[in-house]
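Letter by letter, the chains look like this.
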Amino acid sequence: MTAKKPQSMLREASHQIIAGGSAGLVEICLMHPLDVVKTRFQIQRGTSDPTSYKSLGDCFRTVFRNEGIFGFYKGILPPIVAETPKRAVKFFTFEQYKKVLNLTPLSPGVALSVAGLGAGLTEAVVVNPFEVVKVSLQANRDSFKEQPSSFAQARRIINSDGFGLKGLNKGLTSTLGRHGVFNMIYFGFYFNVKDAIPTNPNPTLEFMRKFTIGLVSGTISSCVNIPFDVAKSRIQGPQPVPGEIKYRTCFQTMGLVYREEGYLALYKGLVPKIMRLGPGGAVMLLVYEYVSGWLQRNW
């Protein structure tokens, strides 16, 4: 009996890691162009910025005209390289935190949200170096052929600023806030609402039920956490004056953006973010659930 238990736990962990990695890979391949557009909006500094995009459509047209179709896939390698371990960590740690919290006096609904918070904070630590490289590449407006590779950009950052909070881990507090808040709402809302709404015997309607709940979950989470996302993009992106660091810490950056550009500036990139993480959040949860279910039945 004791010999079988570790094997069963290992198999369960493998299911969670493989399903989580698959979910992340599918989501990033489908939604990355919207992430590029979101980052471009977040790093521009008001209408005084000469390279400012006038609208979402203007951003899509300008990127396509000046940088080509591959301009929408700038910085995709870091998230692809990071996505499998990142989402694997996210879903695996969520399941582990959920098990531990089920032993506490917390209500099941609150436990799901706290487990999501823990999973998001863990995920943020893993992904932040990749985010620094990704944002620096996405901010580059040169044509796709002229920009440095992801590995060359990572070496440049390391050689210039090192591995610490000024280099490859720049903006860590903002990333912790972004992922922690997002996943707290994302997992808490999805699983609480999914359990409250009865399942449908029709496979198509059941798929739509889950997709709709995931879509709403991703949308609400995006609306709440975007100020952290804007702060992260400002800190990790190019500074307004080369050689002078203007955006230093998470809340200092939020305060600075609010004073100089107004509170709406803290919601820059919200539309492409929702367009990406609304359906993207639904895709991730559905891929995770279906891959996990397939693995449980077949392995």
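1. Focus on the nonpolar core
Counting residues in hydrophobic clusters, the biggest one holds 21 residues, and the most contacted among them are A23, F91, F94, Y186, F187, F191 and L285. At the level of elements, α1 (4-43), α3 (77-101), α4 (108-138), α6 (172-196) and α9 (270-298) are the ones that each hand at least two residues to this core. Top element by residues in this core is α9. It accounts for 6 residues. Those residues within four positions of A23 in sequence are excluded, and the remaining contacts are F91, M284, V287 and Y288. Membership of the second largest hydrophobic core comes to 12 residues, among which are F228, Y247, M254 and L266.

2. Brief notes about the packing of aromatic side chains
Each aromatic ring pair is characterised by the separation of its centres together with the angle its planes make. Applying the stated criterion across every chain, the model contains 13 aromatic pairs. The interplanar angle of 15° and the centroid separation of 4.1 Å between the aromatic rings of F91 and Y288 together place this pair among those described as stacked. Of this pair, F91 sits in helix α3 while Y288 sits in helix α9; the two residues are 197 residues apart in sequence, bridging distant segments of the chain. Ring centres 4.0 Å apart and planes at 10° place the aromatic pair F94 and F187 in the stacked group. Pair noted here: F94 is in helix α3 and F187 is in helix α6, with a separation of 93 residues, a long-range link. Both residues of the pair, F94 and F187, count as buried. An aromatic cluster of three or more residues is present, and its members are F91, F94, F182, Y186, F187, Y190, F191 and Y288.

3. Concerning the pattern of salt bridges
Under the defined criterion, the tally for this structure stands at 22 salt bridges. Put simply, E27 and R276 hold a salt bridge, and the shortest N to O gap is 3.0 Å. On the criterion of sequence distance, the pair formed by E27 in helix α1 and R276 in helix α9 is long-range, its members being 249 residues apart. Exposure remark for R276: the relative accessible area of 9% places this residue in the buried category. Across the pair R209 and E206 runs a salt bridge whose closest N-O atoms are separated by 2.8 Å. Taken together, the residues R209 and E206, both in helix α7 (residues 203-236) and 3 residues apart, mark about one turn of the helix.

Rules of the game
Residues numbered from 1 in each chain as written. Predicted model: local features only at pLDDT ≥ 70, side-chain atom pairs only at ≥ 80, totals over all residues. Heavy atoms only, no water. Core = buried A, V, L, I, M, F, W, Y, C linked by side-chain atoms within 4.5 Å. Buried < 20%, exposed > 50% of the residue type's maximum accessible area, 1.4 Å probe, protein only. Helix = DSSP H or I, 4+ residues; strand = E, 2+ residues; numbered from the N terminus. Contact = heavy atoms within 4.5 Å. Phe/Tyr/Trp six-rings, centres within 6.5 Å; stacked < 30°, edge-to-face > 60°. Salt bridge = Lys/Arg side-chain N within 4 Å of Asp/Glu carboxyl O.

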